[in-house]
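Residues per chain, in single letters:
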Amino acid sequence: KQEVTQIPAALSVPEGENLVLNCSFTDSAIYNLQWFRQDPGKGLTSLLLIQSSQREQTSGRLNASLDKSSGRSTLYIAASQPGDSATYLCAPGGAGNKLTFGGGTRVLVKP
Amino acid sequence: GAVVSQHPSWVICKSGTSVKIECRSLDFQATTMFWYRQFPKQSLMLMATSNEGSKATYEQGVEKDKFLINHASLTLSTLTVTSAHPEDSSFYICSLRRESTGELFFGEGSRLTVL
């Protein structure tokens, strides 16, 4: 059974700092891995999708890396802004494209 | 724009009543949709996989007779919480998969409160 751990559980930084969010998973037999953002009381917004054959994906200030063999993914957010405050969820996709979610990292970017 | 539309966004009902939540795909036809539940300060837990034209596949521990799923078309899946009780109060979120990439998109969620 896939288990996903996200560290740290919470992060508070001043505006402008770079963010590093870590995700580890126990079963490396994944098809892909997605990073999501969830605002309080809202659904999930897809940020990045990394296929199992890829090492990283980039979108604007976001960059996600994937080391499938060691069961790790890292989300980097450059030059953080208050609008980046949210919970970030990592979810590796296994058979049937079932996602297993980590507990999330709650980010607060202070102006 | 939004890929998934979920309705209602919140609902309050009395114990013993049934509640239906709709999930619509706005951007593409979705053969497979997923229903998740999220309790406060917890992560999402997959409840069931909804397959168009066939029976849903439920995760272990999820009562199929309590959480009825219908996926009658390629753009609509519904989740009905039957005879709801206070312990069913939760945030229910649907998602659907873009087959070409495997990427999943989520609805805005439906907050159910059972009194």
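See the structure printed just above.
Let me sum up the structure you'll find in this document. Here the structure is a predicted model, which means the values were calculated and not measured.

1. Some details on the packing of aromatic side chains
(1) Moving on: The tally for this structure, following the rule as stated, stands at seven aromatic pairs over all chains.
(2) Moving on: Measuring from ring centre to ring centre gives 5.9 Å for A:Phe101 and B:Phe106, while their planes differ by 80°; the resulting arrangement is edge-to-face. Of this pair, A:Phe101 sits in the loop between strand E9 (86–93) and strand E10 (105–110) while B:Phe106 sits in strand E10 (residues 104–106), each in a different chain.
(3) Moving on: A centroid spacing of 5.4 Å and a plane angle of 50° characterise the contact between B:Tyr36 and B:Phe106, whose relative ring orientation is tilted. With B:Tyr36 in strand E4 (residues 32–38) and B:Phe106 in strand E10, this pair connects stretches of sequence that are 70 residues apart.
(4) Moving on: Site record: aromatic cluster; members linked through ring pairs are A:Phe36, A:Phe101, B:Tyr36 and B:Phe106.

2. What to know about the pattern of salt bridges
(1) Moving on: A full pass over the atoms with the stated rule returns seven salt bridges over all chains.
(2) Moving on: Residue B:Glu59 is joined to A:Lys98 by a salt bridge in which the shortest nitrogen-to-oxygen separation is 2.9 Å. With B:Glu59 in the loop between strand E6 (57–58) and strand E7 (67–73) and A:Lys98 in the loop between E9 and E10, this pair bridges two chains.
(3) Moving on: We classify B:Glu59 as partly exposed; its relative accessible area is 22%.
(4) Moving on: A:Lys98 gets classed as partly exposed once you look at its relative accessible area, which sits at 30%.
(5) Moving on: Notably, a salt bridge pairs B:Arg98 with B:Asp27, separated by 3.5 Å at the nearest N-O pair. Of this pair, B:Arg98 sits in the loop between strand E9 (90–97) and E10 while B:Asp27 sits in the loop between strand E3 (19–25) and E4, placing them 71 residues apart in sequence.

3. Some words on the sheet that holds E3(B)
Across a sheet, strands are paired by hydrogen bonds formed along the backbone, either parallel or antiparallel in direction.
Residues and elements named next belong to chain B.
(1) Moving on: The four strands lie next to each other as E1-E3-E8-E7, forming an open sheet whose pairing is antiparallel. This sheet does not close on itself; its edge strands, each paired only once, are strand E1 (4–7) and E7. Looking at each pair of strands side by side, their axes are set apart by 15° on average, direction ignored.
(2) Moving on: Pairing between E1 and E3: four bridges, direction antiparallel. Looking across to E3, one finds that Ser-5 is bridged to Arg-24.

4. Concerning the layout of surface pockets
(1) Moving on: Here the largest pocket is characterised by a volume of approximately 660 Å³.
(2) Moving on: Of all elements in the fold, only E9 of chain A together with strand E5 (44–51) of chain B reach the threshold of two or more residues within the lining of the largest pocket.
(3) Moving on: Looking at the lining of the largest pocket, the element that brings in the most residues is E5(B), giving four residues.
(4) Moving on: For the lining of the largest pocket, the class distribution of residues is 11 nonpolar, seven polar and six charged.
(5) Moving on: A volume near 540 Å³ is recorded for the second largest pocket.

Each value, and the rule that gives it
Residues numbered from 1 in each chain as written. Chains lettered and ligands numbered in written order. Predicted model: local features only at pLDDT ≥ 70, side-chain atom pairs only at ≥ 80, totals over all residues. Heavy atoms only, no water. Phe/Tyr/Trp six-rings, centres within 6.5 Å; stacked < 30°, edge-to-face > 60°. Helix = DSSP H or I, 4+ residues; strand = E, 2+ residues; numbered from the N terminus. Salt bridge = Lys/Arg side-chain N within 4 Å of Asp/Glu carboxyl O. Buried < 20%, exposed > 50% of the residue type's maximum accessible area, 1.4 Å probe, protein only. Pairing = 2+ DSSP bridges. Axes fitted to C-alpha atoms, helices over the stretch in contact; angles between N-to-C directions. 1 Å grid on protein atoms, 1.4 Å probe; cavity = no way out; pocket = protein on both sides within 12 Å on 5 of 7 lines; lining within 4 Å. Points joined across faces, edges and corners; volume = space filled by probe spheres on them. Nonpolar A, V, L, I, M, F, W, Y, C, P; charged D, E, K, R; others polar.

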